[in-house]
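Inside the fold
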Amino acid sequence: MPYEPPTHTVERSLRATTGAKVIAGVDEVGRGAWAGPVTVCAAVTGLRRPPVGLTDSKLLTVKRRNELDAELRKWVTAYALGHASPEEIDDLGMTAALRLAASRALEGLPVRPDAVILDGKHDYLGAPWKVRTVIKGDRSCVAVAAASVIAKVHRDKMMAELGNEHADFGFAANAGYPSPVHKAALEERGPTPYHRLSWAYLDALPRWQHLKKARVPADGGVPEIEGQLGFDF
């Protein structure tokens, strides 16, 4: 199914209305996984024509995504990756972990961006970054689409490597996300050192519930559950 290619429309708007010159597109991967880090890529592309076929990484085949990743790493002006570990996700909650990973990515760029285009409707970054949120930005904005592909390919490879130590969990295929293989391995073997121990899936594992981490939000409110999938996915 063909998709409209991403454009520089938002970037041009930011340049015209704010005077920003260096604009980074930011996207994350791993938010809903049971295991592994959440990974964020910040990509600066300028206004050049992107590689043919660039779009949201989730719309691409594995083969095409890997091909585009190789092209993009040479094509972008700059990119950097940031991660928040499972332990940081458990301790901080997903919103704060996303902020941490995104800040690490942005601070890893060779030049500090004047503005950031963030995929989605929620600004989890906040000050001091000047942020424009764009729903489905990974499909409509060139820099965000580039970030989505680079982040996805990098994290998938990272999870495949972790899977070498825990073959029963199928990380090379599921990247730490829910799947029948992953579910069966959790029931039999329990979580690995790479699992998020505050996640809802542990509620359905009586044998391993003693490992669950309870996280009390700093404001005393209800712990975040956005993006989590329980065991009956």
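Placed above this text is the structure.
Attention in this report is confined to the structure presented alongside it. (Residues numbered from 1 in each chain as written. Predicted model: local features only at pLDDT ≥ 70, side-chain atom pairs only at ≥ 80, totals over all residues. Heavy atoms only, no water.)

**So, the nonpolar core**
Put simply, the rule reads: Nine residue types can take part in a nonpolar core, namely buried Ala, Val, Leu, Ile, Met, Phe, Trp, Tyr and Cys, and a core is a set of them joined through side-chain atoms within 4.5 Å. Type-normalised accessible area, obtained with a 1.4 Å probe on protein chains alone, sets the label of each residue: buried when under 20%, exposed when over 50%, and partly exposed for intermediate values. Here a helix means four or more residues in a row that DSSP labels H or I, a strand means two or more in a row labelled E, and each is numbered from the N terminus. We call two residues contacting when some pair of their heavy atoms lies within 4.5 Å.
Among the nonpolar cores identified, the biggest contains 37 residues, and Val26, Val38, Val40, Leu106, Leu109, Tyr124 and Tyr201 are the most heavily contacted of them. For this core, the element with the highest residue contribution is helix H4 (residues 94–107), accounting for seven residues. Once you skip the residues sitting within four places of it in the chain, Val26 turns out to touch Val40, Cys41, Ala42, Ala102, Leu106, Val116, Ile117, Leu118, Asp119, Tyr124, Val144 and Ala147. Formed by 17 residues, the second largest nonpolar core is a distinct cluster that contains Leu54, Leu72, Val76 and Val153.

**Considering the pairing of strand E2 (residues 38–44)**
Heads up, the rule is: Here, a strand pair is defined by DSSP locating no fewer than two bridges between the strands.
When you tally the buried positions in E2, you get seven out of seven residues, the bulk of the element. By the alternation rule, side chains of E2 split into Val38, Val40, Ala42 and Val44 and Thr39, Cys41 and Ala43, which are all buried. As defined by bridge partners, strand E1 (residues 23–29) adjoins E2 across six bridges and the pair is classed as antiparallel. Across the sheet, the residue bridging to Val26 is Ala42, located in E2. In terms of strand pairing, E2 meets strand E3 (residues 78–84) through seven bridges, oriented antiparallel. Directly across from Val38, in E3, lies its bridge partner Ala84.

**A closer look at the pattern of salt bridges**
Filter applied, for reference: Take a side-chain nitrogen of Lys or Arg and a carboxyl oxygen of Asp or Glu: if they are within 4 Å of each other, that pair is a salt bridge.
All chains considered together, the criterion is met by 14 salt bridges. Here Lys63 makes a salt bridge to Glu67, at a shortest N to O gap of 2.6 Å. In this pair, Lys63 and Glu67 both sit in helix H2 (residues 62–75), four residues apart, roughly one turn of the helix. By relative accessible area, which is 60% here, Lys63 ends up exposed. Looking at Glu67, the relative accessible area reads 33%, which means it is partly exposed. For Arg65, the salt bridge is made with Asp156, and the minimal N-O distance between the two is 3.8 Å. Of the two residues, Arg65 is situated in helix H2 and Asp156 in helix H6 (residues 142–163); the sequence distance between them amounts to 91 residues. By relative accessible area, Arg65 is classed as buried at 8%. One network of salt bridges, with partners in common, ties together Lys63, Arg64, Glu67 and Glu71.

**Overview of the side chain of Ser148**
Mapped onto the elements, Ser148 comes out in helix H6. Beyond its immediate sequence surroundings of up to four residues, Ser148 is in contact with Asp27, Thr55, Asp56, Ser57 and Asp138.

**Let's talk about the side chain of Asn174**
To keep it simple, the criterion reads: Whenever a nitrogen or oxygen atom comes within 3.5 Å of another N or O atom, the pair is scored as a polar contact, on the condition that within protein one atom can donate a hydrogen and the other can accept it, and that pairs from neighbouring residues in sequence are kept only if both atoms are in side chains.
Locating Asn174 in the fold gives a position in helix H7 (residues 171–174). Residue class for Asn174 comes out buried when judged on its relative accessible area of 10%. Here Phe169 takes part through its backbone oxygen, which lies 2.8 Å from a polar atom of the side chain of Asn174. Here the side chain of Asn174 touches Gly176 through a polar contact of 2.8 Å, landing on its backbone nitrogen. Residues in contact with Asn174, not counting those within four places in the same chain, are Phe169, Ser179 and His182.

**Concerning helix H8 (residues 180–189)**
As a reminder of what qualifies: The reported arc concerns the directions from the helix axis to the C-beta atoms and nothing else.
Residues His182, Ala185 and Leu186 constitute the buried set of H8. Down the axis, H8 shows its buried residues gathered within 100° of arc, on one side only. In H8, the exposed positions that point more than 90 degrees away from the buried face belong to Pro180 and Glu188. Buried-residue contacts for H8 involve H7. A positive backbone phi angle near 80° is found at Gly190, which sits one or two residues after H8.

**Remarks on the environment of Met94**
Structurally, Met94 can be placed in helix H4. The spatial distance from the C-alpha of Met94 to the C-alpha of Ala84 is 9.2 Å, given a sequence separation of ten residues.

Any functional reading would require information that these geometric values do not contain.
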